[in-house]
Amino acid sequence: MHVDLRQYDLPDAAIFSGTGNAMLVWQPAETLIVLGQSNTPERSLITENVLSDGIPVTRRPTGGEAVILTPQMAVITVAREFTEMARSKDFFMEVNGMILDILSDLGVRDYGTRGISDITIGHRKILGSSMHRRDNRLVYHSVLNISEDPSIFERYLRHPSREPDYRLSRPHGEFVTSLTKEGYNISYNDIAGLLTSSALTVPSP
């Protein structure tokens, strides 16, 4: 069974191909799968379920593993152009720090960062991110699960070939959580409003 990849034409596509500093917080309009740059449908997806349910598949320009986007999530894309190139790790920490501050303002507790750049509540992942490097520019790309049932990941995604140590081989449904599942009544508008009004929205070089 063959999965056709559609062109990456999501709302943040222009940020990946553009120049300068930028930030976009957006809500997916449909359920779709986004492969990482080095992923293949055969290795990453449960192909029969993807095809039978008619789920579109595309590939982003960043690394990391395949993700599912749904209207119950927020996607956060931040670009910065540097005069002297920074380390990806430092940019991950800076943008994640902004997001953690906002989660704290919204009353979220027991949060932290694990792995390379995951944000967690307790021992479960709430946000995953990846990075695109080009010349002297970095683009941070992340997905925050607001209210999507983690079982959707088990229907469409195979267990990744690489995983952070803290995952401990847990299946998707036991590894991923949502703000709703953790007991928080937080909407996309709550997240987007605070992020877009933050003084750190477009960090200075």
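Here the structure is a predicted model, which means the values were calculated and not measured. (Residues numbered from 1 in each chain as written. Predicted model: local features only at pLDDT ≥ 70, side-chain atom pairs only at ≥ 80, totals over all residues. Heavy atoms only, no water.)

## Considerations on the confidence of the model for the protein
Note the cut-off: Note: pLDDT gives the predictor's confidence per residue, expressed from 0 to 100. Secondary structure elements are defined from DSSP: runs of H or I of at least 4 residues count as helices, runs of E of at least 2 residues count as strands, and each element is numbered from the N terminus. Contacts are assigned to residue pairs with any non-hydrogen atoms lying within 4.5 Å of each other.
The predicted model of the protein averages 92 in pLDDT, with 96% of residues at 70 or higher. Confidence, expressed as mean pLDDT per element, reaches its minimum in the protein at helix α7 (residues 188-197) with 89 and its maximum at strand β8 (residues 118-121) with 97. In this model residues 199-205 is a low-confidence stretch, pLDDT under 50, and it forms 18 contacts with partners more than four residues away in sequence or in other chains.

## Here's the deal with the pairing of strand β6 (residues 73-81)
Consecutive side chains along a regular strand alternate between the two faces of the sheet. How we decide: To sort residues, take the accessible area from a 1.4 Å probe on protein chains only and compare it with the maximum for the residue type: under 20% means buried, over 50% means exposed, and anything in between is partly exposed. For two strands to count as paired, DSSP must find a minimum of two bridges between them.
Most of β6 sits out of view: 8 of its 9 residues are buried. Where strand β2 (residues 22-26) and β6 come together, 5 bridges link them in antiparallel fashion. Among the inter-strand pairings, W26 is bridged to a residue of β6, identified as V75. Alignment of β6 against strand β10 (residues 137-145), held across 9 bridges, turns out to be antiparallel. Opposite I76, over in β10, you have S142 as the bridge partner.

## Here's the deal with the sheet that holds strand β7 (residues 111-114)
To be explicit about the condition: The angle between two axes is taken between their N-to-C directions and runs from 0 to 180 degrees, where each axis is a line fitted to C-alpha atoms and a helix contributes only its stretch in contact.
Spatially, the 6 strands line up as an open sheet ordered β2-β6-β10-β9-β8-β7, and their pairing is antiparallel. Sheet topology places β2 and β7 at the edges, where each strand pairs with a single neighbour. Ignoring strand direction, the axes of neighbouring strands in this sheet form an average angle of 15°. Bridge count between β8 and strand β9 (residues 124-134): 3 bridges; the pairing is antiparallel. Among the inter-strand pairings, T120 is bridged to a residue of β9, identified as K125.

## Here's the deal with the environment of A79
With respect to the helices and strands, A79 occurs in strand β6. When the C-alpha positions of A79 and L144 are compared, they lie 17 Å apart, and in sequence the two are 65 residues distant. Here A79 is in contact with I15, G20, N21, A22, F91, R137, L138 and V139, once residues within four sequence places are set aside.

## Overview of the sheet that holds strand β1 (residues 5-6)
Strands sit in the order β1-β4-β3-β5 across an open sheet of 4 strands; the sheet is mixed. Strands with a single pairing partner mark the edges of an open sheet, and in this sheet they are β1 and β5 (67-69). The sheet contact formed by strand β3 (residues 32-35) and strand β4 (residues 57-59) spans 3 bridges and is parallel. Each residue of the ladder has a partner; that of L35, found in β4, is R59.

## Some words on the packing of aromatic side chains
Where two aromatic rings form a pair, the distance of their centres and the angle of their planes describe that pair. Here is the rule: Centres within 6.5 Å are what make two rings of Phe, Tyr or Trp a pair, Trp counting through its six-membered ring; a difference in plane orientation under 30 degrees is then read as stacked, over 60 as edge-to-face, and the rest as tilted.
Tallied over the entire structure, the rule returns 4 aromatic pairs. For the pair F82 and F91, a centre-to-centre distance of 5.8 Å together with 85° between the ring planes defines the contact as edge-to-face. Each member of the pair, F82 as well as F91, carries the same accessibility label: buried. Here F92 and Y140 contribute two aromatic rings whose centre-to-centre distance is 6.0 Å and whose plane-to-plane angle is 70°, an arrangement assigned as edge-to-face. Note that F92 is positioned in helix α4 (residues 88-105) and Y140 in strand β10, a separation of 48 residues in sequence. In this structure, F92 and Y140 share a single accessibility class: buried.

## Digging into the side chain of R60
So the rule is basically this: Between N or O atoms, a polar contact is any pair within 3.5 Å; within protein, one atom must be a potential hydrogen donor and the other a potential acceptor, and residues adjacent in sequence are included only when both atoms are from side chains.
Along the chain, the position of R60 falls in the loop between β4 and β5. Separated by 2.9 Å, the side chain of R60 and the backbone oxygen of E65 make a polar contact. In contact with R60, other than residues within four places in its own chain, are Y8, V34, L35, G36, Q37, E65, V67, S130 and H141.

## Things to note about the pattern of salt bridges
Selection criterion: One side-chain nitrogen of Lys or Arg within 4 Å of one carboxyl oxygen of Asp or Glu is enough to make a salt bridge.
Under the counting rule described, the total for this entry stands at 8 salt bridges. Where R155 meets D53, a salt bridge forms, and the shortest distance between an N and an O atom there is 2.7 Å. Here R155, found in helix α5 (residues 151-156), pairs with D53, found in the loop between α3 (47-52) and β4; they are 102 residues apart in sequence, far enough to count as distant. By relative accessible area, which is 33% here, D53 ends up partly exposed. One salt bridge in this structure joins E163 and R167, with 3.9 Å as the shortest N-O distance. By sharing partners, the salt bridges in this structure join R6, D9 and E30 into a single network.

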